[in-house]
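So the chains spell out like this:
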Amino acid sequence: MTTLSVPAKKFRTVREQSLFLFFWMRFRRHVTAMLGGIIMLIMTVVIAFAPVFSPYDPFDQDLLNRLQPPSTEHWMGTDDLGRDMLTRILYGGRISLSVGLLAMGVSIVLGTLIGLTSGYYGGWTDSILMRITEIFLSIPRLFVLIAMGMFLRSLNLPNIQAGSFMPIAVVIGALSWMGTARLVRASTLELRGREFVQASRALGGSDARLLFMHILPNIMSPIIVSATLGLAGAIISESGLSYLGFGVQLPTPTWGNMLSNTQNQMLTAPWTAIFPGLMIFFVVIAINYLGDGLRDALDPRHIVGKK
Amino acid sequence: MATYLLRRLLQSILTLLVISMILFGLISSVPGGIMSAYQENPDFTAEDLARLEAKYGLNDPVPVRYLKWLGNTLQGDFGNSFISKRPALEEIGDRLPNTMLLMGVMLIVTLLIAIPLGIISAIKQYTWFDHITTTLAFAGQSLPVFWFGLLLIIIFSVTLKGADGKPLLPGSGMYTLGAPFSLIDRVEHLILPVTMLAFVSAAGYMRYLRSSMLDVINEDYVRTARAKGARERVVIFKHAMRNALIPLVTLIGLDLPSLFGGALFTETIFAWPGIGRLYFTAALKTDYPVVMAVLIIYSALIILSSLLVDVIYAILDPRIRLS
Amino acid sequence: MKQFKTLLALVLVAAFILSACGGGEAAPQAEPDTPAAETTDAPSEQAVDPNAPVTGGTVIVGTPQEPGTLNPLLASATIDDVISAFIIEGLVTVDGEGEYAPVLAEELPTVSEDGLVVTYKLKKDIKFSNGDAFTCADVQFTYEGIVSDLSGASTSGYSDIEKIECPDDFTAEVYFLDVYAPYLRLFSYIIPKGAGDLAALDTWEYNRAPIGTGPWMVAQWEAGDNITLVKNPNYREPGKPYLDSVIVKILPSRETGVQLLGTGEITVLWDLTEADLPTIDQLDGVAWSGATYGYGENELLVFNLGPADGSAPADPSVAPHPSLSDLRVRQAIQYGIDKQLIVDALLGGNVKVGTTVLPIGYWACPQPASEFNVEKANALLDEAGWIVGADGIREKDGVRLSLKISSTTGNQLREQTEQVLVEMMKEIGIELVIDNLPSDVLLAGWDSDGMRKKGRFDILLYTTGGGYDPDSHLFSNYHSARIPSADNEGAGNNFSRYINADVDALIDDAAFNADQDARREAYCQVAEQINKDVPRVFLYERMVISGYREQLQNFRVSPGYADMTLDSQNWWLQP
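Residues numbered from 1 in each chain as written. Chains lettered and ligands numbered in written order. Predicted model: local features only at pLDDT ≥ 70, side-chain atom pairs only at ≥ 80, totals over all residues. Heavy atoms only, no water.

**Focus: the overall build of chain B**
Now for step 1: Along its length, chain B carries 14 helices and zero strands.
Now for step 2: The C-alpha extent of chain B, read off along each of the three principal axes, is 85 × 65 × 35 Å.
Now for step 3: When each of the 323 residues of chain B is scored for burial, the buried share is 55%.
Now for step 4: Sequence separation of at least 24 residues holds for 71% of the intrachain contacts in chain B that already meet a minimum separation of 6.
Now for step 5: Surface accessibility of chain B: about 13500 Å² in total, with carbon and sulfur atoms responsible for 72%.
Now for step 6: Across chain B, the 26 positively charged side chains and the 23 negatively charged ones have centroids separated by 11 Å. (Helix = DSSP H or I, 4+ residues; strand = E, 2+ residues; numbered from the N terminus. Buried < 20%, exposed > 50% of the residue type's maximum accessible area, 1.4 Å probe, protein only. Contact = heavy atoms within 4.5 Å. Areas by Shrake-Rupley, 256 points an atom, 1.4 Å probe, with all protein chains shown as cover. Lys, Arg positive; Asp, Glu negative; His and termini not counted. Charge placed at Lys NZ, Arg CZ, Asp CG, Glu CD.)

**Thoughts on the interface of chain C and chain A**
Now for step 1: Chain C puts 33 residues into the contact, and the matching count from chain A is 28 residues.
Now for step 2: Across the chain C/chain A interface, buried area totals approximately 2800 Å², and carbon plus sulfur atoms make up 54% of it.
Now for step 3: The interface formed by chain C and chain A contains zero salt bridges.
Now for step 4: On the surface where chain C and chain A come into contact, there are five residue pairs in polar contact (both at pLDDT 80 or more).
Now for step 5: Elements supplying a minimum of two residues to the side of chain C that touches chain A: helix H4 (254-263), helix H5 (277-282), helix H7 (339-347), helix H9 (412-427) and strand E18 (431-434) of chain C.
Now for step 6: Broken down by element, the residue count for the side of chain C that touches chain A peaks at six residues, all from H9(C).
Now for step 7: In terms of residue class, the side of chain C that touches chain A is built from 13 nonpolar, twelve polar and eight charged. (Buried area = accessible area lost by both parts, 1.4 Å probe. Salt bridge = Lys/Arg side-chain N within 4 Å of Asp/Glu carboxyl O. Polar contact = N/O pair within 3.5 Å; in protein donor to acceptor, adjacent residues only side chain to side chain. Nonpolar A, V, L, I, M, F, W, Y, C, P; charged D, E, K, R; others polar.)

**A few points about the state of the cysteines**
All names here are of chain C.
Now for step 1: The full count for this structure, using the stated rule, is two disulfides over all chains.
Now for step 2: Each sulfur in the disulfide pair Cys136 and Cys166 lies 2.0 Å from the other. Taking the torsion about the S-S bond as the criterion, the Cys136 to Cys166 disulfide, at about -75 degrees, is left-handed. Of this pair, Cys136 sits in helix H3 (residues 136-146) while Cys166 is found in strand E6 (residues 161-168), placing the two residues 30 residues apart along the sequence.
Now for step 3: A sulfur-sulfur distance of 2.0 Å marks the disulfide that ties Cys365 to Cys524. An S-S torsion of about 75 degrees defines the bridge between Cys365 and Cys524 as right-handed. In this pair, Cys365 is assigned in the loop between H7 and helix H8 (374-383) and Cys524 in helix H13 (residues 516-533), connecting sequence segments 159 residues apart.
Now for step 4: When the cysteines engaged in disulfides are numbered in sequence order, chain C pairs them as 1-2, 3-4. (Disulfide = S-S within 2.5 Å.)

**Some points on the packing of helix H10 (residues 232-255) of chain B against helix H14 (residues 288-316) of chain B**
Residues and elements named next belong to chain B.
Now for step 1: Between H10 and H14, the shortest axis-to-axis distance is 8 Å and the interhelical angle comes to 170 degrees. Considering the angle they form, H10 stands roughly antiparallel to H14. In this structure, H10 uses Arg242, Ile246, Pro247, Val249, Thr250, Gly253 and Leu254 to contact H14, whose residues at the interface are Ser305, Val309, Ile312, Tyr313 and Leu316.
Now for step 2: Each residue belonging to the contact of H10 with H14 can be placed in one class, and the counts come to eight nonpolar, three polar and one charged. (Axes fitted to C-alpha atoms, helices over the stretch in contact; angles between N-to-C directions. Parallel < 35°, antiparallel > 145°, perpendicular 65-115°, else oblique.)

**What to know about unusual backbone geometry**
Residues and elements named next belong to chain C.
Now for step 1: In this structure, the amide linkage connecting Lys240 to the following residue, Pro241, adopts the cis form with an omega of -5 degrees.
Now for step 2: Within the secondary structure layout, Pro241 lies in the loop between strand E9 (226-231) and strand E10 (245-250).
Now for step 3: Of note in this structure, Glu489 is not a glycine but carries a positive phi near 55 degrees.

**Observations concerning the interface of chain B and chain A**
It is common to report an interface's size as the accessible area lost on association of the parts.
Now for step 1: Contact residues are listed per partner, giving 57 residues for chain B and 59 residues for chain A.
Now for step 2: Counting each side, the surface lost to burial between chain B and chain A is near 5500 Å², with a carbon and sulfur contribution of 63%.
Now for step 3: Together, B:Tyr126, B:Trp147 and B:Tyr208 form the three largest contributors to the area buried by chain B at its contact with chain A, with a combined 13%.
Now for step 4: Our enumeration of links across chain B and chain A arrives at zero salt bridges.

**Some points on the pattern of salt bridges**
Where charged atoms from two side chains of opposite charge come close, those side chains can pair.
Now for step 1: Throughout the structure, instances matching the rule amount to 34 salt bridges over all chains.
Now for step 2: As a salt-bridge pair, C:Lys249 and C:Asp225 come within 3.0 Å of each other at their nearest N and O atoms. Of this pair, C:Lys249 sits in strand E10 while C:Asp225 is found in the loop between strand E8 (216-222) and E9, placing the two residues 24 residues apart along the sequence.
Now for step 3: Here C:Asp225 falls in the buried class, since its relative accessible area comes to 1%.
Now for step 4: Note that C:Asp435 is salt-bridged to C:Lys404, the shortest N-O span being 3.6 Å. Of this pair, C:Asp435 sits in the loop between E18 and helix H10 (439-442) while C:Lys404 sits in strand E17 (residues 402-406), and the two are 31 residues apart along the sequence.
Now for step 5: Taking the relative accessible area as the measure of exposure, C:Asp435 reaches 3% and is therefore buried.
Now for step 6: Overall, the relative accessible area of 22% leaves C:Lys404 in the partly exposed class.
Now for step 7: Through salt bridges with shared partners, a single network forms among B:Arg86, B:Glu90, B:Glu91, B:Asp94, B:Arg95 and C:Glu66.

**Considering the sheet that holds strand E13 (residues 298-303) of chain C**
Backbone-to-backbone hydrogen bonds join strands into a sheet, with any given pair of strands oriented parallel or antiparallel.
Residue and element names in this part refer to chain C.
Now for step 1: Taken in spatial order, the five strands line up as E18-E17-E19-E13-E20 in an open sheet, and their pairing is mixed. The open sheet has two edge strands, E18 and strand E20 (536-541), and neither has a second partner. This sheet shows a mean twist of 25 degrees between the axes of neighbouring strands, independent of strand direction.
Now for step 2: The pairing of E17 with strand E19 (residues 459-464) spans two bridges and is parallel. Paired with Ile405 across the strands is Ile459, a residue of E19. (Pairing = 2+ DSSP bridges.)

**Side note on the packing of aromatic side chains**
Now for step 1: In this structure the tally under the stated criterion is 22 aromatic pairs over all chains.
Now for step 2: Ring centres of A:Phe281 and A:Phe282 lie 5.8 Å apart, and the angle between their planes is 50 degrees; this geometry places the pair in the tilted category.
Now for step 3: On the accessibility criterion, A:Phe281 (15% relative accessible area) is buried.
Now for step 4: For A:Phe282, a relative accessible area of 40% translates into the label partly exposed.
Now for step 5: Measuring from ring centre to ring centre gives 5.5 Å for B:Phe24 and B:Tyr66, while their planes differ by 65 degrees; the resulting arrangement is edge-to-face. Residue B:Phe24 is found in helix H1 (residues 2-29), and its partner B:Tyr66 is found in helix H4 (residues 62-74); the two are separated by 42 residues along the sequence.
Now for step 6: What makes B:Phe24 buried here is its relative accessible area of 7%.
Now for step 7: Residue B:Tyr66 is classed as buried on the basis of its relative accessible area, which comes to 8%.
Now for step 8: Cluster of aromatic residues (ring-pair linked, three or more members): C:Phe86, C:Tyr548, C:Phe555 and C:Trp571. (Phe/Tyr/Trp six-rings, centres within 6.5 Å; stacked < 30°, edge-to-face > 60°.)

**Considering the pairing of E8(C)**
Residue and element names in this part refer to chain C.
Now for step 1: Of the pairings in the sheet, the one linking E8 to E9 comprises six bridges and is antiparallel in character. For Trp221, the partnering residue across the bridge sits in E9 and is Ile227.
Now for step 2: Between the antiparallel neighbours E8 and E9 lie three residues, among them Gly224 with a positive phi of about 80 degrees.

Structure representation (structure tokens):
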């Protein structure tokens, strides 16, 4: 399969039996990636079992103790209605992480499929898909989201917004795949002309096989980089959606809506702004490291540990 | 190449037309706008409302309004802002230099940071230098932009004070109001917004550059060059860099429209009077003429930049066939 | 050249301020008429009265919005009117106490016996900033402008005018076709006759550099960033304004403004909300001035007595709201709300609890505050047949008592209020679900399927006021003819779909009664009846508030048109 002038180690096809084991071996040696993985694991566990880790109710108001600074009682202080910040951050993480990851998934899958198809087939397929991409890039989210929020309400569905983050995540994903598509297309265009792809094609490999077995593994790095880039954006976008009447509504906490009202509190109650921002920061940086390790492990061209 | 260009141009015009239709339809379907401000005021009589609707041409059906708009726009007239009554292009023209200044400086700073760091960290993969720059880049990518900007303001223009007891760095505007023109003052006002933007976008550029550089270093022709005994410096600069910079061209090209569009968050946090804020304010008030003008120019730039990127690609990388 | 001079002037001003701040030897540059000279910052050496105004200096006024135009004929936002009030004056204004007061008129206008002719005596020797004298012809021109084809101004009242006659330069007689009871609200601004051609109103130079009789005039407008106002050389009070210039700085948000006020980068911040006051109180060297809105603005809950499905019938009884159409449920909700707690906890106790639709000024109609009483609320709900279910939420015929509360997004105070209400309603077995929308969507008109107009809500939380004259507000918000429906093409703001024949009759009669005291009596009866029927709950009285640095003297906001510009000719900076 891997023939001609291409060394086997360099462009590998996805065929080996112990492939997973192989990746795992490479991944495990990536210290920072392991660290990122561990942070994510801890975060997920803490968030999933929030009631175990916090004695407070995330909705319990205490109007006499508004905006209290961090103390032994409230490790992250209290918010503008006297609710425990730590508890709200833990509960908020449930929605924010789900929205972020799901939106990222949707955008990556869409972007990769469109970019691959466009770059591989070229010609009219490419023209049409790229023009569609341009159209999507040109259309402002602001108006799409307002129109969508209105449309959903006009259906008179009972409480569509309460606690359901699926539509939000899908919408964010569906409106943010364009960058990935263009990068993937560029890389595919470049690979299409390569010897190993042409060789495979000459040997009668099907399009799907070529795309997913040969090209996709070789363009993982731009995909992973843009995926990790998109995650923080997706988590924060969620709060923007509430502003447009389409997001998670209060009092349900999310990291996004905890951040959205903090500009003036930054002066007088900085903890209400700093902690949710820090949480987003830690999650995204952990995912970045994770993605970095993943990329190195998956990318057939990289040899881990080479100094 | 010529036929390709011609075809792409035709496609682009068609795309722009489709975009303008979608935009117009979308904006018209969103409620609000100048009329709702008047309707809200009980002092406005039914006759007043009818008169105003006619004045702003809002009593026609949407397709008619679109055709009128298209006709005027093709003649270079984007209409007058509903809010200020001034030509939309004048409103944009007033803010364009501000946005281009901010974004231009930002892009230059970004590239000055990202290109050397990206290349060095690729060459010295898995050294301490690489780990540190990677960590910084990840940090840049992971910061919620808005939050980071606020943090900068709180630290540098609220908490820290200069020798004269004034904020260390100005946190808003393009210059000190009421003060005479001073280059130093202008530069000071650029520091925080550019830092915020450049830190975030340099991170992205650096990561892409590092990974494409790594790809290139392991390519046959680079190895061949090395094997033939070419000096490392020659290998890196003559063979590797040229190819590694190709993906960067895409990125820069795709970012070019933002030189016009500005950065809403940055302009908002640092009170920078640019296009981003103009657009956002106009959008919130559904000031159709201004919103349409900004969006159409922006779309045209997106389409143009993607055409440009494809052409440059074809020139830089002979392996890519544009057909 | 002119621009250069302006720039030079600004440079000098700035150098002056900077040197004064830095402790340098600033040369005193007093105007002949002013009582005190500028001092350096060594106050002990000066034997000058510290309360005497100091001339010179620049005040930077931050606003979270940019005016679209400064021409009152084209204004479409509050900020347009507020900034133009630095420059433009009218015959009559609403003063600092919420009462009508003459400005360019010698006194409040007199009305003829039949109520059809209103006569203004105009002040003499008034000049516009361009040197032209102010005369009755300017009043005529202002009227023509308001009713012209391109006008963006409200013609209500002006459309009832038959003609304006000028027996001499300083007398204006306004002839009405019908009795127009709220005539005092007219002519709150005067446009000079030389402003431009009314057929080209949109392109007037005046729009961005108006010519007025007020203390200031525009020197420069840098779009999106700032507007520089300098002294009107022809201002009628000699030696005033004390300041050299006022710069209006356009800010992206109120939050940015609070931060800049704190660091001293701006001197005044226009349009704070009650929720900002605790923050303002914590900032060093910053104070605030507030007044209850002259038109009696209340933060309120609007109940939907009709169907919430968007069918918007003119008569809600065809499909009454399953719970809110019952007076007992509405009363119970009011009993269940601790308004005082909201005011104390969220607003730092700085505002008054809402009690009546007419809280201030000549039309004030004080009413007793509603009672906070959970037992009464529960009893009323039990009586109405809403029984507490397994999850603590009341039910009736299998329907849960779950109501949506909608407001505008991006408003922290409203979001806080809603969340507090959610908890309060939980106590009486009502589930409140927050469903906020962008203000454009929530407040949109009938044609664009506005949620509020079409009645697609259970409870709304927003602000609206009684108006300087209650006629238009009460008619528009409580009269059954103003229920938005297909019949009236969605006109009116009676979103509750509230019908009360007595209220209708009282409002109708008062509109054509020239006897102001009798009108006041009628409107007060309306206010009383509204409190009995509870179509709305008044939570608290909104204030117009601005923050300022303490060194700025004579700063105070007006509940009337002038807002923060009240007394701007008397502003001076304590060195």
